[in-house]
Amino acid sequence: MRMILASSSPRRQELLTQIGLRFEVLKPEIDETRQIGEGLVDYAERLSVEKAWAVARMLDGGRALVIAADTIVIDHEGELLGKPADEADARFMLRHLRSRAHQVLTAFSLHRTGDPPKIITGHARTTVHMRDYSDEEIDAYIASGDSFDKAGGYAIQNADFHPVARIDGSYSNVVGLPLGSIKSALIQIGFSPSR
């Protein structure tokens, strides 16, 4: 069965490769605007479902399994932190998160095309404790350019900045895909690498 990752994220591609999956990449185009009154879990899960459906509609028939995800950062006040718009936004986020705990939530959807189609949606949550990095470290990290395409303005795996003191939960979830949950969902949806 054809497998497609509905994401151009190199981090998600690396994670799926780590667990031995072979897949194609198609980037979905959807409106990621949060709806008025929408809860954060509902928001992330809706985006993952919409991404999966958008890619499924791009296919030319045949059986396929689409994996889609959306990762959000929820600060210590319960507010959503997206991707920084510019340097000032990145600096604000990194100072805001410094020496505090926040949540990283990744919602995922597995969409098996066919008749009938089947979709499984879930999410994983990890508590991330940030270290007490300096303003100079923030400036150097922002100058590297690594901050800008990541929710919350940081990458846990960045070896130079290493912003995280410790985590409670899944490391791969913070990178962009909760691999344990993905493996369970693959079994639940009936995926076998040999098919």
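Residues numbered from 1 in each chain as written. Predicted model: local features only at pLDDT ≥ 70, side-chain atom pairs only at ≥ 80, totals over all residues. Heavy atoms only, no water.

(A) Just the overall build of the protein chain, in detail. Helix and strand counts for the protein chain stand at six helices and seven strands. Element order for the protein chain, N to C, with α for helix and β for strand: β-α-β-α-β-β-α-β-β-α-β-α-α. Relative to the compact-globule value of 16 Å for 195 residues, the protein chain shows a C-alpha radius of gyration of 17 Å, a close match. Considering the protein chain as a whole, with its 195 residues, one finds that 48% of them fall into the buried category. A fraction of 67% describes how many contacts in the protein chain between residues 6 or more apart in sequence connect residues 24 or more apart. About 9,500 Å² of surface is accessible on the protein chain, with carbon and sulfur atoms providing 49% of the total. (Helix = DSSP H or I, 4+ residues; strand = E, 2+ residues; numbered from the N terminus. Rg over C-alpha atoms; globule rule 2.2 N^0.38 Å. Buried < 20%, exposed > 50% of the residue type's maximum accessible area, 1.4 Å probe, protein only. Contact = heavy atoms within 4.5 Å. Areas by Shrake-Rupley, 256 points an atom, 1.4 Å probe, with all protein chains shown as cover.)

(B) Region of interest: the pairing of strand β3 (residues 64-74). Among the 11 residues of β3, 11 are classified as buried, and the element is accordingly described as predominantly covered. Of the two faces of β3, both are covered, the one formed by Ala64, Val66, Ala68, Asp70, Ile72 and Ile74 as well as the one formed by Leu65, Ile67, Ala69, Thr71 and Val73. Where strand β1 (residues 2-5) lies against β3, four bridges are found, and the strand directions are parallel. In the strand pairing of β3, Met3 is matched with Leu65. Pairing of β3 with strand β5 (residues 101-112) involves 10 bridges; the strand directions are antiparallel. From the neighbouring strand, Val73 faces β5, where its bridge partner is Val104. Relative to strand β4 (residues 80-81), β3 is paired through two bridges, and the arrangement is antiparallel. (Pairing = 2+ DSSP bridges.)

(C) Spotlight on the pairing of β1. With two bridges joining them, β1 and strand β2 (residues 24-25) adopt parallel strand pairing. Paired with Ile4 across the bridge in β2 is Glu24. With helix α1 (residues 10-18) bridging β1 and the parallel β2, this β-α-β connection has right-handed handedness. (Right-handed = clockwise from strand over helix to strand, strands pointing away.)

(D) Expanded view of the side chain of Asp70. Its place among the elements puts Asp70 in strand β3. In this structure the side chain of Asp70 is engaged in a polar contact, spanning 3.0 Å, whose partner is the side chain of Lys51. Sequence-distant contacts of Asp70, that is, excluding residues within four places in its chain, are made with Arg12, Glu32, Ala44, Leu47, Ser48, Lys51, Leu105, Thr106 and Ala107. (Polar contact = N/O pair within 3.5 Å; in protein donor to acceptor, adjacent residues only side chain to side chain.)

(E) Quick look at helix α4 (residues 135-144). Every buried residue belonging to α4 is among Ile138, Tyr141 and Ile142, and all of these are buried. Taken around the axis of α4, the buried residues stretch over an arc of 100°, which confines them to a single face. In this structure, α4 carries Glu136 and Ala143 as exposed residues pointing more than 90 degrees from its buried face. The positive-phi residue at the C-terminal boundary of α4 is Gly145, with phi of around 85°. (Arc of directions from axis to C-beta.)

(F) Broad picture of helix α2 (residues 40-58). The end-to-end C-alpha distance of α2, which contains 19 residues, comes to 27 Å, matching closely the 27 Å that a straight helix rising 1.5 Å per residue would cover. Among all positions of α2, only Leu40, Tyr43, Ala44, Arg46, Leu47, Ser48, Lys51, Ala52, Ala54, Val55 and Ala56 are buried. Turning to α2, the residues buried within the fold contact β1, β3, β4, β5 and β6 (118-130). (Expected span 1.5 Å × (residues − 1).)

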